[in-house]
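Reading the structure
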Amino acid sequence: MRWQSHLRPRNTLRRRIEIGVFALLLSGILLWAWQHTPSALNLALFKKELRVALVSHPHDLTIMDMNNAPDQFELALLRGFAEHIGARLHLHPVTGPNEAHRLLHSRRVDAAAGFLTEPRNGSGVAVGPEILPIEKSLVYWQGKGGTIAAITDLPVGTRIGVTSIHTLPEELRGLTTTANRSPPPEIIQYADGPELVFALSQGYVDYGLLTSIELSRLRRVHTELRKAIALESQASVVWLFPPGLDQSLIDSAHEYLETLRAGREFDLLFDRHFGHLDVHDLVDVISFSRLVDDRLDRFRPLFEEVALAYGLDWRFLAAVSYQESLWDPTAVSVTGVRGLMMLTNATAQSLGVVDRTDPRESVDGGARYVLQMLERLPEEITEPDRTWMALASYNVGLGHVLDARRLAEAGGDDPNLWLDVMAWLPKLAQRDWHQQTRYGYARGWEPVTYVQNIRSYYDWLVHLFPHPTDHPDRSPLYLSLPLAL
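This is a predicted model, so every value here is computed, not measured. (Residues numbered from 1 in each chain as written. Predicted model: local features only at pLDDT ≥ 70, side-chain atom pairs only at ≥ 80, totals over all residues. Heavy atoms only, no water.)

This part covers the nonpolar core. Ranked by internal contacts, the top residues of the largest apolar core, which has 63 residues, are F303, L317 and W327. The dominant element in this core, judged by the number of residues it contributes, is helix α10 (residues 282–310), at ten residues. Non-local contacts of L317, meaning those with residues more than four positions away in its chain, are made with F303, V306, A307, L312, M341, V363 and A367. Counting 36 residues, the second-largest nonpolar core is a separate cluster that includes F73, F81, A111 and A126. (Core = buried A, V, L, I, M, F, W, Y, C linked by side-chain atoms within 4.5 Å. Buried < 20%, exposed > 50% of the residue type's maximum accessible area, 1.4 Å probe, protein only. Helix = DSSP H or I, 4+ residues; strand = E, 2+ residues; numbered from the N terminus. Contact = heavy atoms within 4.5 Å.)

This is the structure in structure tokens:
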């Protein structure tokens, strides 16, 4: 058996060689894999989906899509971005930035959005493109605070409420670390804007930090909100991405947004969601709130009944009626229109309305008249522009709206976009322009104000009544009008 003793060293040597070769190959494979890590963009494309953590906000619901699903400004952008890279959008709803950051760090999502601002240094997440610049302000509750000339004028020991979505601005962060202020301002965090506003109303905090968009929305419901001071530090809404990956997905997001801004898509989307926010001043807000309390309850059942009959949203009919008559069934204008929906005598006769001052006849006739305008517009006008042009037609007449469309087209603008047509409607009051039209002179600035007002009133009503008793499953008007940002 002596020959077997000669084989053992050979077998041992062979095994060592095999192990060495295997280790060398494994090292090579690992090195290749490290040098060829799939890009963030390729990872999303491999999954065929873009996973996004989306922070939801009570102030950010804006429209309804064709499936009656709530939509947001950034959600619309994200849908477009997913399509841009050839992936399916998959949302992970989250309640705030902290949860979004956790998902980013664990790489369970490819991005995070939802009115997020750039986090402080040390968060580790990657910052993507700017979506919107925003202004932040300190606000107070009337009777419980006041305006200030500078942030340093805040009394010692002031309590400031902030929402979980915001990074603390430099001015406030500086106050909390200033040695000569004792005690420094107390920063108290709340879940969202409505919760912060409640704290202000109850005196739990002296001031609150809100963005301009939040303030515009919330002041419609809470007329006691006032701006104390606008902060100077700049802030931007951004998209965030996981740490440790390459820039490919971020670069694609920049490219997508630059493409939107180079055309008109970004401006149109912004107008669709936010174009009506600054239509009314504080006096209008107070007047509207007072009449909601004094008059709306009387007519809401009627608006609901008629809206359900025609597949509309009762809040839309209520918004039109408020614009027309301030919910006054006895209202009469100098031109002879009257009633809740302010129908002309000719229009009432064509609709079979006998008594224009009868609330039921007026609301029913007004609903049918809006639908007539909607149906008579050219087919190529899509929502939401179709609804807004139908409202303009209700106010100034379909012929004048068609005239403005022709002028817009001749001037190189898009006759199917309300943003363009509303720029041409006021020209119908100018002789050089209305002489070129079929229907002649019109006070064309009036339908522009009319439509913007109704968009704003509708937004208010949806904010006040976010869960209507009826949810029609069909209606261009219901599906297209802005709800509340």
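Moving on, there is more to tell.
This part takes up a negative patch on the surface. A cluster of acidic residues, D246, D251, E255 and E258, forms a negative patch at the surface. Structurally, E255 can be placed in helix α8 (residues 248–262). (Patch = residues over 30% accessible without salt bridge, like charges linked within 9 Å, V, L, I, M, F, W, Y side chains within 5 Å. Areas by Shrake-Rupley, 256 points an atom, 1.4 Å probe, with all protein chains shown as cover. Salt bridge = Lys/Arg side-chain N within 4 Å of Asp/Glu carboxyl O. Lys, Arg positive; Asp, Glu negative; His and termini not counted. Charge placed at Lys NZ, Arg CZ, Asp CG, Glu CD.)

Within a sheet, adjacent strands bond to each other through the backbone by hydrogen bonds, running parallel or antiparallel. Pairing in this open sheet of five strands is mixed, and the strands run β9-β8-β10-β7-β11 from one edge to the other. Since the sheet does not close on itself, it has two edges, and those belong to β9 (186–190) and β11 (225–230), each with one partner. Adjacent strand axes in the sheet meet at a mean angle of 35° when their direction is disregarded. Here five bridges tie strand β7 (residues 136–141) to β11, and the two strands are oriented antiparallel to one another. Looking across to β11, one finds that Y140 is bridged to R226. Lying over the sheet, helix α6 (residues 193–202) contacts β7, β8 (159–163), β9, β10 (207–211) and β11, oriented at roughly 155° with respect to β10. (Pairing = 2+ DSSP bridges. Axes fitted to C-alpha atoms, helices over the stretch in contact; angles between N-to-C directions.)

Our next topic: the packing of aromatic side chains. Here the structure, examined in full by the defined rule, presents 20 aromatic pairs. Where F73 meets F266, the ring centres are 5.8 Å apart and the plane angle is 80°; that geometry is what we call edge-to-face. With F73 in helix α3 (residues 73–85) and F266 in helix α9 (residues 265–274), this pair connects stretches of sequence that are 193 residues apart. Residues F73 and F266 agree in their burial class; the two are buried. Both rings, one in F288 and one in W327, keep their centres 5.9 Å apart while their planes meet at 50°; by these two values the pair is tilted. (Phe/Tyr/Trp six-rings, centres within 6.5 Å; stacked < 30°, edge-to-face > 60°.)

A few words now on the pattern of salt bridges. Counting across every chain of the model gives 15 salt bridges. Of the charged contacts in the structure, one is a salt bridge between E49 and R88, with a shortest N-O distance of 3.2 Å. Placement of E49 in strand β1 (residues 49–55) and of R88 in strand β4 (residues 88–94) is noted, with a sequence separation of 39 residues between them. In this structure, the salt-bridge partner of R455 is D271, at a minimum N-O distance of 3.7 Å. Here the residue R455 occupies a position in helix α18 (residues 445–464), and D271 occupies one in helix α9, the gap between them amounting to 184 residues.

Moving on to unusual backbone geometry. Each neighbour pair has its own omega, and for E383 with P384 the value is 5°, a cis peptide bond. Relative to the assigned elements, P384 resides in the loop between α13 (359–376) and α14 (385–396). The phi dihedral of R107 is positive, around 60°, even though this residue is not glycine. Turning to its location among the elements, R107 is positioned in the loop between α4 (97–105) and β5 (111–117).

The sheet built from five strands is open, its strands ordered β4-β1-β5-β12-β6 with mixed pairing. Two strands close off the open sheet at either side, each with one partner strand: β4 and β6 (126–134). Across the sheet, the mean angle separating the axes of adjacent strands is 25° when strand polarity is ignored. Packed onto the sheet, α8 meets β1, β6 and β12 (235–241) and runs at close to 25° relative to β6.

Moving on to the environment of L215. Locating L215 in the fold gives a position in helix α7 (residues 212–221). Counting along the chain gives 78 residues from L215 to S137, while the straight-line C-alpha distance between them is 8.5 Å. With residues up to four places along the chain from it excluded, the contact list for L215 reads V139, L210, L225 and K227.

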